[in-house]
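# An overview of the molecular structure
The residues making up each chain are set out below.
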Amino acid sequence: MDRLPENAALRRLVAKLYGTHLTARDQCLLDFRFAKAPTQAMLDQCLEQCDIEALGGNKGILLAYARREHPELVFSDYAGPRIDGLIRYFHFANTRTLAHFSRIGKALNQAGIPILLFKGAAMRTLRPGLPRPMGDADILIPADRIEEATRIGEGLGYLHTREESKHAVDFHTKNESAVDVHHSIFDPDRDYTAFHSGLFARATPTTAFGVDFLLPGREDLCFLVMANLTKNLREHTTLHSIYFSLEDCAWLQRERPLNWDIVREDARASGHEVETSLAAAFMNAAVPGLFPEPEELFPSLAGVEDFCNQVIFDEDYFLPRQRHCQAIRVVELKNEPWRHGSRILKFLVLKKLRGFPAFVRWYLAHKRGIVTDAF
């Protein structure tokens, strides 16, 4: 199979992901929300195509922000109250999550454990009047304090699933999520000491919700949003975050331009240059000009095609097989062991081989009917 230029492979993947996760109605909403000078005609067209009830809160919150920022625009008697209700709903929904953060954070303060707040709770700190969906609060602490922090959370009565994550302890109650205490931003498959040190060094001491913590710089917050978006696109987790990821990154650039050198340094120090390029290209497809183009962010970047092949392989072949195997019931396996057993075996083989770029290239070429000796 002929190798694609790196940027061509990236843009082909972005086109695929865009077509999968964004509709014409979604784009209409984004065009209105991120217009430099939104007009009444643009709003009317948006509301005509985007029914408030059908949008759901994770998309409708963008209209709520627009209503707050542009009081001169007139929303219909039907849409206006519903949009205002979203702000109130997420404000009080966040209050429950932030109460857990306050309780755990105060205990960590007393123990002298440094806290760096990021993701949704950090954005809530920066713009308290514009809440957004937030499942839990995410904090980063020094890796050598995680055992102590775990004991503190347990002492406060929280449950956790530490064994399910290599990089965080998920504190929760029986009914709701509370705080993810990270000892690494990413799964520790490499040394992230320099990356974490940079985050802490550039952060600003802040007090909010009764807790003393460090608030990352805007460039660092933007990078973390981009990294999380790529993870969600790859793993099909919390895909609704696409919309407020765009909102967060646009808001972080409003007061002043970002220093993209810091974003590049975050990407290099964490080994996420390709993932950052994908996030920038995908977000620019949805909101043109939101980021520098990937070629500007990383003029020389290798490994893009292999990364894009991996995402397509997972999207089209690996993840569907995984979902299918997870749905197989024990009684079905007992009744038809060969049929279902062979499917599980094929999935396990793909899971073993998916880490080899040469195999992934060969597999995709085989599925496309292209003759290749790449594997």
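Residues numbered from 1 in each chain as written. Predicted model: local features only at pLDDT ≥ 70, side-chain atom pairs only at ≥ 80, totals over all residues. Heavy atoms only, no water.

Moving on: the packing of helix α10 (residues 218-235) against helix α13 (residues 273-286). Put simply, α10 and α13 touch, their axes get as near as 8 Å, and they point 85° apart. Here α10 is positioned roughly perpendicular relative to α13, judged by the angle of their axes. On the side of α10, the interface is formed by Phe-223, Val-225, Met-226, Leu-229, Thr-230 and Leu-233, while α13 contributes Glu-275, Thr-276, Leu-278, Ala-279, Ala-280, Phe-282 and Met-283. For the contact of α10 with α13, a count of residues per class yields 10 nonpolar, 2 polar and 1 charged. (Axes fitted to C-alpha atoms, helices over the stretch in contact; angles between N-to-C directions. Helix = DSSP H or I, 4+ residues; strand = E, 2+ residues; numbered from the N terminus. Parallel < 35°, antiparallel > 145°, perpendicular 65-115°, else oblique. Contact = heavy atoms within 4.5 Å. Nonpolar A, V, L, I, M, F, W, Y, C, P; charged D, E, K, R; others polar.)

Centre distance and the angle of the planes are the two values used to describe a pair of aromatic rings. Inspection of the entire model under this criterion finds 17 aromatic pairs. Geometrically, the ring pair formed by Phe-101 and Phe-213 is edge-to-face, given 5.9 Å between the ring centres and 70° between the ring planes. Residue Phe-101 is located in helix α6 (residues 79-110), and its partner Phe-213 is located in strand β7 (residues 211-215); the two are separated by 112 residues in the primary sequence. On the basis of relative accessibility, which here comes to 0%, the residue Phe-101 falls in the buried class. With relative accessibility at 3%, the residue Phe-213 sits in the buried group. A ring pair is formed by Phe-313 and Phe-359, whose centres lie 6.2 Å apart and whose planes are at 80°; its orientation type is edge-to-face. In this pair, Phe-313 is assigned in helix α15 (residues 304-327) and Phe-359 in helix α18 (residues 357-367), connecting sequence segments 46 residues apart. The burial state of Phe-313 is the same as that of Phe-359; both residues are buried. Every member of this aromatic cluster is reached through a ring pair, and the members are Phe-313, Tyr-317, Phe-359, Trp-362 and Tyr-363. Residue placement shows Arg-127 over the ring face of Trp-251; its charged tip is 5.9 Å from the ring centre. (Phe/Tyr/Trp six-rings, centres within 6.5 Å; stacked < 30°, edge-to-face > 60°. Buried < 20%, exposed > 50% of the residue type's maximum accessible area, 1.4 Å probe, protein only. Lys NZ or Arg CZ within 6 Å of the ring centre and 35° of its normal.)

Topologically, His-272 is positioned in the loop between α12 (260-270) and α13. In contact with His-272, other than residues within four places in its own chain, are Phe-186, Tyr-192, Phe-223 and Ala-267.

Another point: the pattern of salt bridges. A complete count under the given rule lists 26 salt bridges for this structure. Here Asp-248 ties to Arg-127 by a salt bridge, and the two come within 2.5 Å at their closest N and O atoms. Taken together, the residues span a long stretch of sequence, with Asp-248 in helix α11 (residues 241-252) and Arg-127 in the loop between α7 (120-126) and β2 (137-140) at a distance of 121 residues. For Asp-248, a relative accessible area of 1% translates into the label buried. Residue Glu-148 pairs with Arg-145 through a salt bridge whose shortest N-O separation is 2.9 Å. (Salt bridge = Lys/Arg side-chain N within 4 Å of Asp/Glu carboxyl O.)

Attention shifts here to the state of the cysteines. When the sulfur atoms of two cysteines share a covalent bond, that bond is a disulfide. Using the criterion set out here, one finds 0 disulfides in the structure. With no disulfide partner, Cys-50 has as its closest neighbouring cysteine sulfur the one in Cys-46, 4.1 Å distant. (Disulfide = S-S within 2.5 Å.)

Next up on the list: the packing of helix α2 (residues 24-33) against helix α3 (residues 40-49). Viewed as axis vectors pointing N to C, α2 and α3 meet at an angle of 155°, and their least axial separation amounts to 9 Å. As summarised for this structure, α2 and α3 are arranged roughly antiparallel, according to the angle between their axes. Taken as a pair, α2 and α3 cross one another with a handedness that is left-handed. Across the interface between the two elements, Arg-25, Cys-28, Leu-29, Asp-31 and Phe-32 from α2 touch Met-42, Leu-43, Gln-45, Cys-46 and Gln-49 from α3. Of the residues assigned to the contact of α2 with α3, the class counts are 6 nonpolar, 2 polar and 2 charged. (Left-handed = near helix turned anticlockwise from the far one by under 90°.)

Counting residues in hydrophobic clusters, the biggest one holds 117 residues, and the most contacted among them are Phe-101, Ile-139, Phe-195, Leu-246 and Phe-291. When neighbours within four sequence positions are excluded, Phe-291 is seen to be in contact with Cys-222, Met-226, Cys-249, Gln-253, Trp-260, Ala-280, Met-283 and Asn-284. (Core = buried A, V, L, I, M, F, W, Y, C linked by side-chain atoms within 4.5 Å.)

With relative accessibility at 12%, the residue His-272 sits in the buried group. Between the C-alpha atoms of His-272 and Thr-230, which are 42 residues apart in sequence, the distance is 10.0 Å.

As far as function goes, none of this settles anything; it's purely spatial.
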